[in-house]
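# Descriptive analysis of the structure
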Amino acid sequence: ATKFGVGGWINKTSDFNTGHRCLLPSVHLRNMDSFIQAVQQVEDSNPSLSPLALVRALRRTAGHDDGMTIHFLGASYNASDAPPEALETAILNASSFSFFDKAIHHIVTDYGEERGVVLAPDGTTVALAPLLLGIELGLKAKMEGTPAVGMFPLTLGRTLGLSFLSLQDFPSSYRLGPNGCWDNVEHPKVFKLSRPATLATDAVINGGMDGAILGMDLSNLSPHEQPQALSDILKGYYSFILHEGQGLDAVTGHISPRRREISRSILEPLDLHSQVMETLTLVWKLEKTEWIALDTGVGKAVKDGLQTFVHKYWDCPQIIPRCQWRAKAYRGTPIPLSRPLRFLYVHHTYEPSSPCLSFTNCSRDMRSMQRFHQEDRGWSDIGYSFVVGSDGYIYEGRGWNHLGTHTRGHNDIGYGVSIIGNYTATLPSRHSMDLLRHRLVQCAVNGGALAANFTIHGHRQVVNYTSCPGDAFFSEIRSWEHFRE
């Protein structure tokens, strides 16, 4: 950790040949926009540098030439690229070797700070190393006209397998993750994890899923299509704009809020257990990792670990934690729930009346509702258990374990979930309804929070004098599985 210092992203650097000073992204900012800006500076200064040559140069800068990476990708330079010295100089001319080294090189300090990760515009955190490995493999496959062999091992398989093995004596739920929170989402500098890290933190898994998605997209380009610049590849996936009235329903391309469903469609058809076991065998051969003893215990550890992975990262939707939307503290002591609960109560917020289409706007709405519930109504916290945005994410309210204040007289027997917006005359987006109807529900049942035979009710069914969740939305939920009159 001392090698990298605290934060470590600098503002200016000198061209080692000319002494020219060139601007870099803002001091210490660890967000995807700053990284894309730095990449674009390199591209602008080196118009002839191909995306593949650039991503290889970034790998060389970060020192990611381990045995398995070289096995699938080759060394970080080859005869068809410029000489390694020229690539290195190109990076230094446009920004800073130190900047990219610290941006990409993944490490968790003894104090629980995760580095080599950036905050994406959608509010999730992404490790850059597995993201760039997937992109590089996709570009290499496109250039050579060959399948992207090694995509799963490079982006996810190696990390998952080693994480499963390194914590075999721990419950499977502790062999993956955790997530964490940034010190400041507008000006992110420090990302602290919520508990001791595994090898496969949420940011590493996000980066691996994104790398697999973008890598496969690149490898599947038609022979006549040329890859975009690396900065444009990243912008298209992370820096999108959703439009009111359509949201994610109108999006046909691959963007970051859909990473879980897209990565599942790409990877689930594979025999993941065999893939991880083969990856561990390859790691043992290439890296001489003596502690990997491929016996029957390893097979069980991988099987249990994959079940946890599928549940946590594919069955469950991404939930934005309270600290990320900058929730105020609970007033008093939270009251624990006795799980599993038997009911799910569906709400609309009414106010805010418009769907939120970005992490920034959804977070603002969450803070506004919490302020109203705490200050005007005198409640301990925001009332809902969870809130669904139209940005592709669910936001944590009281959560799975604590009593909410959402459905009078029924708070202790059910969860209250609201979709942001007024749905008296119109429906929420199909994507946001599916997040609630299928993803959150499946996550809750499989995780032991909801009983398998749970009942869905609209708020109006159990509380007098309310039209919640709106006439249009209530008419819709009456056709849902588990709904009861």
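Residues numbered from 1 in each chain as written. Predicted model: local features only at pLDDT ≥ 70, side-chain atom pairs only at ≥ 80, totals over all residues. Heavy atoms only, no water.

Taking an unreviewed UniProt entry as the reference, the protein is identified by name as N-acetylmuramoyl-L-alanine amidase belonging to Dicentrarchus labrax. Regarding the protein, the UniProt comment filed under Sequence similarities (unreviewed entry) reads as follows: "Belongs to the N-acetylmuramoyl-L-alanine amidase 2 family." (UniProt positions renumbered as here; feature names shortened; annotations may be inferred.)

The next thing to look at is the layout of surface pockets. For the largest pocket, the calculated volume is near 1,100 Å³. The wall of the largest pocket is formed by 37 residues, among which Asp202, Lys312, Ile319, Glu396 and Trp400 lie closest to the centre. Listed by contribution, the elements that provide at least two residues to the lining of the largest pocket are strand E7 (180-182), helix H12 (296-315) and helix H14 (430-446). Looking at the lining of the largest pocket element by element, the count peaks at 4 residues for H12. What the second largest pocket holds in volume is close to 640 Å³. Arg377, Trp379, Tyr384, His406 and His459 are the residues nearest the centre of the second largest pocket, which is lined by 24 residues in total. Elements that contribute at least two residues to the lining of the second largest pocket include exactly strand E10 (341-348) and helix H13 (359-376). (1 Å grid on protein atoms, 1.4 Å probe; cavity = no way out; pocket = protein on both sides within 12 Å on 5 of 7 lines; lining within 4 Å. Points joined across faces, edges and corners; volume = space filled by probe spheres on them. Helix = DSSP H or I, 4+ residues; strand = E, 2+ residues; numbered from the N terminus.)

Let us look at the packing of aromatic side chains. For the coordinates displayed, the defined rule picks out 12 aromatic pairs. Summarising the aromatic geometry, the rings of Trp182 and Phe191 are spaced 4.9 Å apart at their centres and angled 45° between planes, so their arrangement reads as tilted. Residues Trp182 and Phe191 agree in their burial class; the two are buried. Aromatic side chains Phe386 and Trp400 sit 4.5 Å apart centroid to centroid with 55° between the ring planes, which places their arrangement in the tilted category. One end of the pair, Phe386, is in strand E11 (residues 386-388); the other, Trp400, is in the loop between strand E12 (394-396) and strand E13 (414-419), and 14 residues separate them in sequence. Taken together, Phe35, Phe99 and Phe100 form an aromatic cluster joined through their ring pairs. (Phe/Tyr/Trp six-rings, centres within 6.5 Å; stacked < 30°, edge-to-face > 60°. Buried < 20%, exposed > 50% of the residue type's maximum accessible area, 1.4 Å probe, protein only.)

For the rest of this paragraph, the subject is the sheet that holds E11. Taken in spatial order, the 6 strands of this open sheet run E9-E12-E11-E13-E10-E14, and their pairing is mixed. The strands lining the two open edges of the sheet, one partner per strand, are strand E9 (319-320) and strand E14 (450-458). Contacts from H13 reach E9, E11 and E12, with the element oriented near 40° to E12. (Pairing = 2+ DSSP bridges. Contact = heavy atoms within 4.5 Å. Axes fitted to C-alpha atoms, helices over the stretch in contact; angles between N-to-C directions.)

Turning to empty space enclosed by the protein, a few remarks are in order. All told, the structure shown has 5 cavities of 30 Å³ or more when counted by the stated rule. By volume, the largest cavity amounts to about 80 Å³. Class assignment of the residues belonging to the lining of the largest cavity gives a composition of 4 nonpolar, 3 polar and 5 charged. (Nonpolar A, V, L, I, M, F, W, Y, C, P; charged D, E, K, R; others polar.)

Within the fold, Met143 resides in helix H6 (residues 128-144). For the pair Met143 and Leu218, spaced 75 residues apart in sequence, the C-alpha to C-alpha distance is 9.7 Å.

This part takes up the confidence of the model for the protein. Here the protein shows a mean pLDDT of 89. Residues at 70 or above account for 88%. Scored below 50 in pLDDT, residues 1-22 shows 56 contacts in the model against residues more than four places distant or in partner chains. (pLDDT = per-residue confidence, 0-100.)

Let us now look at the side chain of Thr124. Tracing the backbone through its elements, the reader meets Thr124 in the loop between strand E5 (117-119) and strand E6 (125-127). Separated by 2.6 Å, the side chains of Thr124 and Asp122 make a polar contact. Every residue in contact with Thr124, bar those within four places of it in the chain, is listed here: Val118, Leu119, Asn206, Arg259, Gln318, Ile320 and Tyr393. (Polar contact = N/O pair within 3.5 Å; in protein donor to acceptor, adjacent residues only side chain to side chain.)

Within this structure, the stated rule accounts for 20 salt bridges. Note that Arg59 is salt-bridged to Glu136, the shortest N-O span being 2.6 Å. You can see Arg59 sitting in helix H2 (residues 51-62) and its partner Glu136 sitting in helix H6, a full 77 residues away along the chain. When sorted by exposure, Arg59 lands in the same class as Glu136, which is buried. Across the pair Arg259 and Asp210 runs a salt bridge, and its minimum N-O distance is 2.8 Å. On the criterion of sequence distance, the pair formed by Arg259 in helix H10 (residues 259-267) and Asp210 in helix H8 (residues 202-219) is long-range, its members being 49 residues apart. The class of Asp210 is buried, set by a relative accessible area of 0%. (Salt bridge = Lys/Arg side-chain N within 4 Å of Asp/Glu carboxyl O.)

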